[in-house]
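Residue-level structure breakdown
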Amino acid sequence: MKTENATFIKGIRGTDDIIFDLKPKVAFIGRSNVGKSSVINSLVGSKKLVKSSSMPGKTREINFFLINEETYFVDLPGYGFAKIKSDQREKLRKLIVWYLFSGEAENKKVVLIIDFKIGPSEFDLEMLRLLQENNIDYIVVANKIDKISKGARIKQVKKIEKDLGEGNIILYSAKTGEGRDVLLNEVINF
Ligand SMILES: Nc1nc2c(ncn2[C@@H]2O[C@H](COP(=O)(O)OP(=O)(O)O)[C@@H](O)[C@H]2O)c(=O)[nH]1
Ligand SMILES: [Mg+2]
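Basis of the calculations
- Residues numbered from 1 in each chain as written.
- Chains lettered and ligands numbered in written order.
- Predicted model: local features only at pLDDT ≥ 70, side-chain atom pairs only at ≥ 80, totals over all residues.
- Heavy atoms only, no water.
- Salt bridge = Lys/Arg side-chain N within 4 Å of Asp/Glu carboxyl O.
- Helix = DSSP H or I, 4+ residues; strand = E, 2+ residues; numbered from the N terminus.
- Buried < 20%, exposed > 50% of the residue type's maximum accessible area, 1.4 Å probe, protein only.
- Axes fitted to C-alpha atoms, helices over the stretch in contact; angles between N-to-C directions.
- Parallel < 35°, antiparallel > 145°, perpendicular 65-115°, else oblique.
- Left-handed = near helix turned anticlockwise from the far one by under 90°.
- Contact = heavy atoms within 4.5 Å.
- Near = heavy atom within 4 Å.
- Polar contact = N/O pair within 3.5 Å; in protein donor to acceptor, adjacent residues only side chain to side chain.
- Nonpolar A, V, L, I, M, F, W, Y, C, P; charged D, E, K, R; others polar.
- Pairing = 2+ DSSP bridges.

1. Topic: the pattern of salt bridges
- What the rule picks out here adds up to ten salt bridges.
- With a closest N to O distance of 2.5 Å, Glu 133 and Arg 129 form a salt bridge. A residue pair is termed a helical-turn pair when its members lie 3 or 4 positions apart in one helix, as Glu 133 and Arg 129 do in helix α3 (residues 122-133) at four residues.
- On the basis of relative accessible area, Glu 133 is assigned to the exposed category, the value being 52%.
- Judged by relative accessible area, Arg 129 falls into the partly exposed class, the value being 37%.
- Between Asp 163 and Lys 159 there is a salt bridge, with the nearest N and O atoms lying 3.3 Å from each other. Pair noted here: Asp 163 and Lys 159 are both in helix α4 (residues 150-164), with a separation of four residues, about one helical turn.
- Take Asp 163: its relative accessible area is 37%, and that puts it in the partly exposed class.
- In this structure Lys 159 comes out as partly exposed when scored by relative accessible area, which is 43%.
- The structure contains a network of salt bridges with shared partners spanning Glu 126, Arg 129 and Glu 133.

Below, the structure is given as structure tokens:
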């Protein structure tokens, strides 16, 4: 599928009219540097819609991108980044938890991005538990599969599924575009 139109709308740090907009909102979450911005860019076919940064933990706002005038892609700050001062980190954690779990933002879906090579971190597992407890519609994407040879992938998939306690993950590479059609299908017009 071609994504024709992707526009940055705004970044928010707390409640805002945009979260009451009833268009579907797909939030991309994961630890810093896992490739959230890159995944969004690869989905919309742009190298620069979302700034992908070599400086982890830089996104401090919740950024809204409108895709084809019908769906929001929502880039959340990364969690679990150790180099951010702990009061800042706590602020970001609260912002993420507010957006995902306060119930203010409606019509949400969450794409939880993990690193295929590293597997889920403790933060990822905690996030997964919260998504399940709060009955949020979510999917797990394992990004950076290009870093592992095809032959070694099945073993890694099994390990990740065991760690997550579930077997429904999308294998993805923002670098090569592998998995793009499968993920687009999940996030456009869900
Ligand atoms: N090899 C590889 N590198 C990736 C992939 N996705 C992202 N990266 C790299 O990982 C780093 C962090 O990406 P970024 O999108 O900024 O992560 P974010 O902090 O989660 O938004 C960058 O250097 C990207 O080029 C991927 O699928 N494969
Ligand atoms: Mg980012």
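Past the structure itself, the notes keep going.
2. Examining the packing of helix α2 (residues 86-101) against α3
- Contact geometry for α2 and α3: axes closest at 11 Å, N-to-C directions at 25°. Here α3 runs roughly parallel to α2, going by the angle between their axes. The two elements α2 and α3 cross, and the hand of that crossing is right-handed. Here Ile 96, Leu 100 and Phe 101 of α2 lie close against α3, whose contacting residues are Met 127, Leu 130 and Leu 131.

3. Observations concerning the site of ligand 1
- Close contacts around ligand 1 come from 17 residues, with Asn 33, Lys 36, Ser 38, Asp 146 and Ala 174 the closest.
- At 3.0 Å, a backbone N or O of Gly 35 approaches an oxygen atom of ligand 1.
- Within the contact set of ligand 1, an oxygen atom lies 3.3 Å away from a backbone nitrogen or oxygen of Lys 175.
- Here the element with the most residues in the shell around ligand 1 is helix α1 (residues 36-44); it accounts for three residues.
- Here the residues of the shell around ligand 1 sort into two nonpolar, nine polar and six charged.

4. A short note on the sheet that holds strand β3 (residues 62-67)
- Read across the sheet, seven strands follow the order β1-β3-β4-β2-β5-β6-β7 without closing on themselves; strand pairing throughout is mixed. Since the sheet does not close on itself, it has two edges, and those belong to β1 (6-12) and β7 (169-171), each with one partner. When strand polarity is set aside, the average angle formed by the axes of neighbouring strands in this sheet is 25°.
- Inspection of the sheet shows strand β2 (residues 25-29) paired to strand β5 (residues 108-115) by five bridges, in the parallel sense. Bridging from a neighbouring strand, Ile 29 pairs with Leu 112 of β5.
- Contacts between α3 and the sheet are confined to β2, β5 and β6 (138-143), with β5 contributing the most and set at about 160° to the helix.

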